[in-house]
Amino acid sequence: MAATGLHVLSAVGLRIGEKHKLSVGVVALPRVSSSVRAFSSEQRSAKSFRDYLEAAREFIRPEENSPSRWFSPLESKARCDRAPLLLFLPGIDGNGLGLMRQHHKLGQMFDIWCLHIPPSNRTAFPDLVRMVETTVKSESQRSPGKPIYLVGESLGACIALAVAACNPHFDLLLILSNPATSFGNSSLQHLPPLLKLLPHQLDLAFPSVLSLIPGGPLKRMIAHWVRGLPENETAANIYQDLVTASTFTSILADTFGRETLLWKLKLLDSASLFANAHLHLVQAQTLILSSGNDHILPSTCEGKRLRKKLPKCEVRSFKDNGHCLFLEDGIDLVSIIKATSFYRRGRHQDYISDFIPPTFSEFNKCYGVNRLLEVIMGPVFLSTTVDGKVVRGLGGIPSEGPVLLVGNHMLLASDKISLPGQFVHERNINLRPLVHPMMFRRMRDGLLPDVSGYDTLRMMGSVPISATHLHNLLSAKSHILLFPGGIREALHRKGEDYKLMWPEKPEFVRAAAKFGAKIVPFCGVGEDDFLKVIVDYNDQIKVPIVREVLKRVTAEGPEVRGSVEGEEGNQDFHMPGVIPKCPGRYYYYFGKEIETGEEELRDREKAKEVYAEVKKEIERCIEFVKQRREEDPYRPLLPRLHYHLKHGLLTPVPTFPF
C-alpha cells in the first residue's frame, strides 16, 4: 500500500487485530497507529459525513479483483469487559466504512470488524456468505458463550440473513438497516437493461442521481436555507456542502463504473433471491431499521413484511431518513441498541449486568420530550431524612444501595414520567423501575401498542418484573422502583383513587431482607387533579363484544400473577375512559426508610409485619399530601405559570409548608 494510503488510514483510525487468525483468503490490512487525540465519548463520536468521504476515497483501490478483507477501527480499542464481536457487512458500496460515525461509541461496547469489498472485486454472493460464515465459526470457537452481532445494510443485510439461515445453531443477533430483500420490488431491478443501452459517455449519470438521495449533501444544503442562518454563515456552509456533494459524486463515479454497477445489481438480485428463499430458517433475534424516506428501496414496507416473516423480529422506523441511515445526522446506533434492549454479552439477556446507563445527551433526548408535561404537572418531591425531618427534594433517599422504593401506582402509570428523570437530575442515581413484561415483548401481534412506545423507559433502565430480576437488582445494590399494585392500580376503577391493591404475600420484603436492603415507602398524589375515570373495566365488560376484545388483548401480553386469585391477580389490559380536568399538581412524598435483615428473612410473621408497616406508611403519606396540598397556593396551573414567567422555568415553584 502506498505511503499516502497509510497516512490517511492512520488518520481514519484503522487497526487490524493481529491476534485474530482470519480465514484463508481474507487479507488483513497492515496495522497502523492512531494519531487522534483522546476526547470524551460525546466529542469523539461527532464525525461528519465529509470525514466518511475522505476515508472512502482512500478505500477505492485500483488493483484488479482485490480480495475482500476485514479491518477493525482503532477507535474500538477502549471496549468494556466481555465485549461481544460485531461484524459490519456493508451495502453495495462495499467500503465497510458505513459505521464510521458510530465507531467510537460502538467501540466501547463491541469488538468491531468491518468487511471491505473493493469495487473491482467480483466475489459471488455464496462466496461472501461462506467468508462471513468462516469468521463466525472461528470466532464462536474462540469465544464460546458470547453472541456475535451481524450489522448489515442493504446487501449486507442479505448476507446476515443468509448466514443466520444456514447456521441456526450459532448465537447470532442481527441488526439490519434497509435490507435489500426488497430489491425485487424496487426500481433498481430495471436499471441493468437501461445501463446497457446508455453510451459510455454517460457513466456519471447514475452516480449523479445517487448523490441526490435524501440524507445526502443536498438535504443539508436545503436545511441551511430553511434555518435562515446569517448570510456569511449560510454562504460558507453551502460552499462546504457543494464541495461535499462534488466529492460524493466523484467517489460514486469511481466506485460505480458501468461494469461495476452492473455486477453490483446482479449481486443484489442473487442476494435478495437467496435471503428471501431462506427466511423461514432464520431463528436469530433480529432488529430491523427502516427508513421512511428511502428512495432506493421500499424499506418501510419491507420492514413490516419481515416483521411477519421472522419469529424474533422487532422493527424501528425512521420516517425522515434516507437509505444510508448510519451516516445521517441524529442517528445513534448505540442509543437504538440500548432503547430496544438489544445488547447482551452472554447467551441470555441479563438486564442488570448488560445494562449500560444513558449518556448525558441520551438522557436529555429522552426527557426533553417530557419537558412540557413536567411544567404542566409541576411535580413536588418531598423526602424524609434519617432523623425524621421532611425536606424538599430527594435528599432523604439513601445514597448507597440496595434500596427498594415501594409506592402506589397512579392512574395510567403517569408516575413513570417524572420519577426516573428526577433521580438522575437531582441525585445522579439511575433508578431501575420494575415494569410489566408487555413493555418488552408480546406473545402475539394484535391491538396492544407497539413495544417501541416504551423505548424511553427501557433506555432509562426499566426491567421486566419477576422474582429473579428483583433478586439480581438487589444483589447489584441498585435503587429499585416497585409498584406492588401493578396495572390493577394503574388501570383502576371509578372511586378507587389512591387505593392500594396489593397481593397478600410479602415476598418483596423477604427478598429485600436477604440483602439487607432499605425499603423506602412513598406515595404519588395528583392524578385526581388531571383526569377523571368515567368508563372503567366493570362498565366495559358489560358489553359482550368489548369483553371478548379485552380477553384477546390480555392474551397478547405475558402473564403476570397468574397464580394470584382475586382482585390483586386480575391484571386484564384495558383502557379506562377518562376526561381531563383543569390541571392541578403532582406530589411525591418519600417516607422514612425501613431497615430489613435476617429476622424478616427467617420469620415469615415478621416479614408480614414489615409488609403491613410499608403499606400503612404509604397510606399515611397519601393522607398527609391530600390534606396539605389544600394549603398549596401553586396547586392550580395558572399561578405556577405566572411564577415561571417571573422567575424562569428552572426555578422550583414553592409548595405548601411542611
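Preceding this section is the structure that the text describes.
Everything numeric here is computed off the predicted structure, so don't read it as measured data.

## As for the pairing of strand 4 (residues 111-116)
At step 1: Among the six residues that make up strand 4, six are buried, leaving the element largely enclosed by the rest of the structure.
At step 2: Going residue by residue along strand 4, you find Asp111, Trp113 and Leu115 tucked away on one face and Ile112, Cys114 and His116 tucked away on the opposite face as well.
At step 3: Pairing geometry for strand 2 (residues 69-73) and strand 4, over three bridges, is antiparallel. Across the sheet, residue Phe71 finds its bridge partner in strand 4, namely Cys114.

## Details of the packing of aromatic side chains
At step 1: Scanning the entire structure with this criterion turns up 20 aromatic pairs.
At step 2: Residues Tyr351 and Phe440 carry aromatic rings whose centres are separated by 5.3 Å and whose planes lie at 80° to one another, so their mutual orientation is edge-to-face. Taken together, the residues Tyr351 in the loop between helix 13 (333-339) and helix 14 (360-368) and Phe440 in the loop between strand 12 (431-435) and helix 17 (455-459) connect sequence positions 89 residues apart. We note that Tyr351, like Phe440, is buried.
At step 3: Ring centres 6.0 Å apart and planes at 70° place the aromatic pair Phe483 and Phe522 in the edge-to-face group. Of this pair, Phe483 sits in the loop between strand 14 (479-482) and helix 19 (486-490) while Phe522 sits in strand 15 (residues 518-525), and the two are 39 residues apart along the sequence. Take Phe483 and Phe522: they sit in the same class, and that class is buried.

## Overview of the pairing of strand 14
At step 1: Alternating positions in strand 14 separate into two faces, His479 and Leu481 on one and Ile480 and Leu482 on the other, with burial throughout.
At step 2: Pairing of strand 11 (residues 403-407) with strand 14 involves four bridges; the strand directions are parallel. The residue of strand 14 that forms the bridge with Leu404 is Ile480.
At step 3: The pairing of strand 12 with strand 14 spans three bridges and is classified as parallel. Bridging from a neighbouring strand, Leu431 pairs with His479 of strand 14.

What counts and how
- Residues take numbers from 1 onward in each chain, read along the sequence in its written order.
- The predicted nature of this model means local features are confined to residues of pLDDT at least 70 and side-chain atom pairs, given and counted, to a pLDDT of 80 or more, with totals for whole chains, interfaces and linings taken over all residues.
- Excluding hydrogens and water, the side-chain values take into account all heavy atoms of the structure.
- Remark: exposure states derive from per-residue accessible area (1.4 Å probe, protein chains only) relative to the maximum for the residue type, with buried under 20%, exposed over 50%, and partly exposed in between.
- Segments assigned H or I by DSSP are reported as helices when at least four residues long, segments assigned E as strands when at least two residues long, and all are numbered from the N terminus.
- Strands are labelled as partners when DSSP assigns at least two bridges between them.
- Stacked, tilted and edge-to-face are the three classes applied to pairs of Phe, Tyr and Trp rings, where Trp contributes its six-membered ring and a pair requires centres within 6.5 Å; stacked means planes under 30 degrees apart, edge-to-face means over 60, and tilted covers the rest.

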